[in-house]
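# Per-entry structural report
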Amino acid sequence: MTRPRDPQQDPELERALELVTRPTARPEFRAALRERFLAGAVESGPGASSRERPAHDAAPRRAERGPRRGRLVLLAGALATAAAVVLTVFLNRTRPAVWTVLDGTSATSVVVDGRALDAADRAVLAAALVSAREVEVRGGALRVRVRDEALLELSDGTRLSQMQLAAVGPYHLRTDHGSLAVATMPAFGQRGMRILTEDFAVSVTGTRFAVDVDEHGSCVCCLSGTLACTPATAQAPKPVPAGQRCFTARDRSPSDWGPAHAEHLRPVEQLPE
Amino acid sequence: MGRFYELYFERIHGFVRRMVGDDVQAEDVTQEEFVHLQRAIPTYDRSRELSPWVFTIATNKVRDLWRSQRHQQMVRSTSLDDGDEDGRALQIADVRAGALPQLEDEEMRARLSAAVDALPAGLRAAFVLRWHEELEFDEIGRILERNEAAARKRYSRALSELRRTLTAAGDALRSPGGNA
């Protein structure tokens, strides 16, 4: 690649700088954003810059149009305009904050990446959660909405880690301890969510459920929809349908599948629809 | 639009990631950028160069993020004015004072990448826009709301700082307690 000459003419440094590459994105983020971007693509877009696109790209075709073709082009243009309006409305819709701390929060403080924050200062807490990797709730429950995609309630003492709740791609987090209630919202779509604990992995594509972790093991109870649970002792996931649970003991005894625990589902039921 | 995406996705994400220093926030800002582009493309003035327009939007998105963080007192103040001409953020040494250390490519890459990330935001932006994106200094100046000379100076200072950091690392390696 031909690099621009820097003002200092420092060839040694420039050779070293050739090693510095752009940070790369996660492939799944790249693919998901591309899909969304192209799904919203309007035909009137520039495609490429005047620098990067031949100047004769568009103009000659206009001169070839006859009356019939002109009507077709007008019709296509009208359809494209309508599509553009719909897409613009879609893209311009009010975008919710990434994290919103909701009423129902009774926690006194939340430790975000090792930093204790006052739960009463919701704006500060919500901003901190945007890039949080680890969260621990103290003094009560924390109820939050992630974008317009999911509601979470973390009970007192719950600790989450390995959090990756990016703009696109599946959610990923680990429940180290405590109770996590989750209700996905319609905008969650097929994004997917993976929750790990010491004892199992739960895969979700849209449902309401609770994950409870203590020193004895991990339990997932499903209120609605279906999720898949893979105990640490198993090779393949098994479905956990609505009203059912999977408990995996820390001592790695066989997992216990059965009716959901009402007390585990209670926080889920209290999350707004 | 597919071609546009292929041309610009890595460039935008790379720039944003360098500026915000966090994977999650970089993805959010990159997505914001493409949403904005989707909305703004119909009104794009084709007589203008595309890349400066795209990176001006990206820079503004990064500024918005920093403003919201500052407003909420979440992070120390970060600004594209960091490392500006008053030199408050940097103490530039004699950039020719020492030879660059002889390091394996991977180590050199890691040290340089960390050094780029550690540059004050204003210098970092100028460096990325010039080195990676190969924009002209007048374009960089417009993006950073400075004049061409200031953009040129920022880039020069960014290079000086990178050399200083590498030279210091080489000195450390050559010292008795170093690893070399």
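Description of the structure in this document. (Residues numbered from 1 in each chain as written. Chains lettered and ligands numbered in written order. Predicted model: local features only at pLDDT ≥ 70, side-chain atom pairs only at ≥ 80, totals over all residues.)

## Looking at the overall build of chain A
In terms of regular secondary structure, chain A is built from 6 helices and 16 strands. For chain A, the proportion of its 273 residues judged to be buried stands at 35%. (Helix = DSSP H or I, 4+ residues; strand = E, 2+ residues; numbered from the N terminus. Buried ≥ 20, exposed ≤ 12 C-beta atoms within 10 Å, placed from the backbone.)

## Quick notes on the pairing of strand β8 (residues 171–184) of chain A
Residue and element names in this part refer to chain A. Of the strand pairs in this sheet, strand β6 (residues 150–154) and β8 are connected by 5 bridges, and their pairing is antiparallel. For alanine 150, the partnering residue across the bridge sits in β8 and is threonine 184. Hairpin connection between strand β7 (residues 159–164) and β8: a loop of 6 residues separates the two successive antiparallel strands, and glycine 169 in this loop has a positive phi of roughly 90 degrees. One ladder, built from 4 bridges, connects β8 with strand β9 (residues 193–196); its direction is parallel. The residue bridging histidine 172 from the neighbouring strand is arginine 194, located in β9. Where β8 lies against strand β11 (residues 208–214), 6 bridges are found, and the strand directions are antiparallel. When the bridges of β11 are listed, serine 179 appears paired with aspartate 212. (Pairing = 2+ DSSP bridges.)

## Focus on the nonpolar core
Leu129(A), Val220(A) and Ala126(B) are the most contacted members of the largest nonpolar core, which totals 111 residues. In terms of residues, this core owes the most to one element, helix α5 (residues 121–132) of chain B, which gives 8 residues. Apart from the residues within four sequence positions on either side, Leu129(A) is in contact with Trp99(A), Val112(A), Val135(A) and Val144(A). (Core = buried A, V, L, I, M, F, W, Y, C linked by C-beta atoms within 7 Å. Contact = placed C-beta atoms within 7 Å.)

## Remarks on the pairing of β11(A)
All names here are of chain A. Among the 7 residues that make up β11, 6 are buried, leaving the element largely enclosed by the rest of the structure. Note that β11 and strand β12 (residues 217–224) share 7 bridges and pair antiparallel. From the neighbouring strand, alanine 210 faces β12, where its bridge partner is cysteine 221.

## As for the environment of Gly189(A)
Checked against the element boundaries, Gly189(A) lands in the loop between β8 and β9. A C-alpha to C-alpha distance of 7.0 Å links Gly189(A) and Gly206(A), two positions 17 residues apart in sequence.

## Points about the environment of Asp23(B)
Residues and elements named next belong to chain B. Along the chain, aspartate 23 falls in helix α2 (residues 23–40). Judged by the 17 C-beta atoms lying within 10 Å of it, aspartate 23 falls in the partly exposed class. The spatial distance from the C-alpha of aspartate 23 to the C-alpha of histidine 13 is 9.7 Å, given a sequence separation of 10 residues.

## What about the environment of Val211(A)?
With respect to the helices and strands, Val211(A) occurs in strand β11. C-alpha of Val211(A) to C-alpha of Ser179(A): the two residues are 32 residues apart in sequence and 5.7 Å apart in space.

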